[in-house]
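Structure at a glance
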Amino acid sequence: MTDLVPLARPVIGEREEELVLEVLRSRRLSLGPRLGEFEQAFAARLGVDRASAVSSGTAGLHLAVRAAGIEHGDEVVTTPFSFVASANCLLYEGATPVFCDIDPRTLNIDSAAAEAAVGERTVGLLPVHVFGYPVDMVGIERIAAERSLWIVEDACEALGGRHGDGRAIGARGHRAVFGFYANKQLTTGEGGMVVCPALADKVRIDSERNQGRAPDMSWLDHDRLGFNYRLSDVACALGLAQLERLGDLLSARARVAAAYGDLLAGVEGLGLPCPDAGGDVRGWFVYVVQLPHDTDRERVIDVLRERGIDSKPYLPAIHLMSFYRERFGHREGEFPVCEDVARRSLALPFFPEMTEGQIERVAEELTAAVAAARTAAAR
């Protein structure tokens, strides 16, 4: 088939073009007025006091753990089931990620496992709201309070999600980081945002994202170590346009997810994303299913590709990546829930403008591909 159904596709319209063109015509391409406008609009939308825009979610995580006070030799408890940036950001500062297993329903860090992983050198907790579903932050916050640990939330996949108490993900008073890659709920192409609970956090992050320049922006005075983690005004303009219609974008994603859920509910052995429960609301980022245990995932991917449908193993277990195996000696069997989920996860095409026909086609082809793969495995 020539009409490929892609894994993701950003929604870009006339408003995005309008605001981007305004920036281009102004010739203020970086460190201009759109930066502050985007930060203020995002903070207001989330319900927090302040935020700092940065070049990526990864950059945001790096600056957030620095603002938390991380030091060389520290340990931070986090999840092995995440995009690798949530662990890498700790290594940038000479700290060690201490992994623990995940909850089999939400796929987020398991609070009991996290508590058991806390040791003498643990200084913080870095929970990840995986695939947009809220972490059990009550449990994480209890551990942090009892052990005097800081918290940095990786909310890069979770814009639009809410906790059972009604608070938005990222608005609980911790440093929290969002990502705006092209497949996210809101995109700036590349980019991210750090929620800054304290004014001191924003002052520090705003400086460190810009090579450590002094608050008065004098060119020659760099009073701290910094990085090139700026977000351009072009990207901020794109973000502002996306933010204006974020509600519609989130609703469209929820529509696609609901349609998938209805169409795939009867596929034997197929695990679907957990439904909202206890007042928690997912901010839909991707639609990831768990293939039946006796299914050859690579065969399913190949069959779908032959039928013009993109899909992807999502996510691999961080501790089993070659770098982490070699650096820390991790081996299979350490975190069985995570490893089982990682072996069976498959991301399906998912974007706001998916048509009913595309959703139905993906569901039909996936159902057939799973059946064929299970039959082949049984021979």
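A brief structural summary. Remember, it's a predicted structure, so these values are computed and weren't measured experimentally.

1. Brief notes about the overall build of the chain
Summing up its helical and strand segments, the chain has 13 helices and 9 strands in all. A compact globule built from 379 residues should have a C-alpha radius of gyration of about 21 Å, and the chain, at 21 Å, falls within 12% of that. By its C-alpha atoms, the chain is 70 × 55 × 40 Å across when sized along the principal axes. Scored against the burial criterion, the 379 residues of the chain give a buried share of 56%. Here the contacts in the chain between residues at least 6 apart in sequence split such that 71% fall between residues at least 24 apart. Just so you have it, the chain exposes about 16,000 Å², and 51% of that area is on carbon and sulfur atoms. Side-chain charges of the chain comprise 41 positive and 55 negative groups, with the mean position of each set lying 3 Å from the other.

2. Remarks on the packing of helix 1 (residues 14-26) against helix 8 (residues 233-244)
The geometry of helix 1 relative to helix 8 is characterised by a closest axis approach of 8 Å and an angle of 150 degrees between their N-to-C directions. Between helix 1 and helix 8, the interaxial angle falls into the category roughly antiparallel. When you trace helix 1 past helix 8, the crossing you get is right-handed. Along its contact with helix 1, which presents Arg-15, Glu-16, Leu-19, Val-20, Val-23 and Leu-24, the element helix 8 presents Asp-233, Val-234, Ala-237, Leu-238, Leu-240, Ala-241, Gln-242 and Glu-244. Residues that form the contact of helix 1 with helix 8 fall into these classes: 9 nonpolar, 1 polar and 4 charged.

3. Remarks on the sheet that holds strand 6 (residues 175-179)
Strand pairing in a sheet is mediated by backbone hydrogen bonds. Such pairs are either parallel or antiparallel. Taken together, the 7 strands give an open sheet; going across it, the order is 1-7-6-5-4-2-3, and neighbouring strands pair in mixed fashion. Among the strands making up the open sheet, the edge pair consists of strand 1 (51-54) and strand 3 (96-99). Pairs of neighbouring strands in the sheet enclose a mean axial angle of 25 degrees, with direction left out of account. In the packing of helix 3 (residues 57-68) onto the sheet, the strands contacted are strand 1, strand 4 (122-126), strand 5 (150-154), strand 6 and strand 7 (192-195), and the crossing angle to strand 6 comes to about 170 degrees. Sheet contacts for helix 6 (residues 137-147): strand 4 and strand 5; angle to strand 5, the most-contacted strand, approximately 155 degrees.

4. Some remarks on helix 1
With 13 residues, helix 1 should reach 18 Å at 1.5 Å per residue; the first-to-last C-alpha distance of 18 Å fits that figure. Inspection of helix 1 places Glu-16, Leu-19, Val-20 and Val-23 among the buried residues, and these make up the whole buried set. Axial view of helix 1: buried residues confined to an arc of 95 degrees, hence all on one face. Turned more than 90 degrees off the buried face of helix 1, the exposed positions are Glu-14 and Arg-25. The elements touched by buried residues of helix 1 are helix 2 (33-46) and helix 8.

5. Notes on empty space enclosed by the protein
Per the stated rule, a full pass over the model turns up 1 cavity of 30 Å³ or more. Within this model, the largest cavity holds a volume of roughly 80 Å³. Around the largest cavity sit 15 residues that line it, and Pro-10, Val-11, Lys-184, Arg-253 and Pro-352 are the ones nearest its centre. Split into classes, the residues belonging to the lining of the largest cavity amount to 8 nonpolar, 4 polar and 3 charged.

6. A few points about the pairing of strand 9 (residues 345-348)
Side chains Ser-345 and Ala-347 of strand 9 all project onto a buried face; the interleaved residues Leu-346 and Leu-348 project onto the opposite face, where all are buried too. Across 4 bridges, strand 8 (residues 287-290) lies against strand 9 in antiparallel orientation. Of the residues in strand 9, the one forming a bridge with Val-288 is Ala-347.

7. Remarks on helix 7 (residues 199-208)
Among all positions in helix 7, only Asp-201, Lys-202, Ile-205, Ser-207 and Glu-208 are buried. Against the buried residues of helix 7 lie helix 2, strand 1, helix 3, strand 6 and strand 7.

8. Points about the nonpolar core
Counting residues in hydrophobic clusters, the biggest one holds 47 residues, and the most contacted among them are Val-65, Phe-81, Leu-90, Leu-126, Phe-131, Val-152 and Tyr-314. Only helix 3, helix 4 (85-91), strand 5 and helix 12 (336-344) provide two or more residues apiece to this core. A per-element tally of this core places helix 3 first, with 7 residues. The contact partners of Phe-81, leaving out residues within four places of it in the chain, are Ile-102, Leu-107, Val-130, Phe-131, Tyr-314, Leu-315, Cys-338, Val-341, Ala-342 and Ser-345.

9. Some words on the layout of surface pockets
Each pocket or cavity is described by its volume, and for the largest pocket that value is around 570 Å³. In terms of lining, the largest pocket is formed by 31 residues, of which the most central are Phe-83, Tyr-181, Asn-183, Lys-184 and Tyr-314. Only helix 3, helix 4 and strand 9 provide two or more residues apiece to the lining of the largest pocket. Top contributing element to the lining of the largest pocket by residue count: helix 3, with 3 residues. The residue makeup of the lining of the largest pocket, split by class, is 18 nonpolar, 8 polar and 5 charged.

Conventions and cut-offs
Residues numbered from 1 in each chain as written. Predicted model: local features only at pLDDT ≥ 70, side-chain atom pairs only at ≥ 80, totals over all residues. Heavy atoms only, no water. Helix = DSSP H or I, 4+ residues; strand = E, 2+ residues; numbered from the N terminus. Rg over C-alpha atoms; globule rule 2.2 N^0.38 Å. Buried < 20%, exposed > 50% of the residue type's maximum accessible area, 1.4 Å probe, protein only. Contact = heavy atoms within 4.5 Å. Areas by Shrake-Rupley, 256 points an atom, 1.4 Å probe, with all protein chains shown as cover. Lys, Arg positive; Asp, Glu negative; His and termini not counted. Charge placed at Lys NZ, Arg CZ, Asp CG, Glu CD. Axes fitted to C-alpha atoms, helices over the stretch in contact; angles between N-to-C directions. Parallel < 35°, antiparallel > 145°, perpendicular 65-115°, else oblique. Left-handed = near helix turned anticlockwise from the far one by under 90°. Nonpolar A, V, L, I, M, F, W, Y, C, P; charged D, E, K, R; others polar. Pairing = 2+ DSSP bridges. Expected span 1.5 Å × (residues − 1). Arc of directions from axis to C-beta. 1 Å grid on protein atoms, 1.4 Å probe; cavity = no way out; pocket = protein on both sides within 12 Å on 5 of 7 lines; lining within 4 Å. Points joined across faces, edges and corners; volume = space filled by probe spheres on them. Core = buried A, V, L, I, M, F, W, Y, C linked by side-chain atoms within 4.5 Å.

Worth remembering: the numbers are spatial, not functional.
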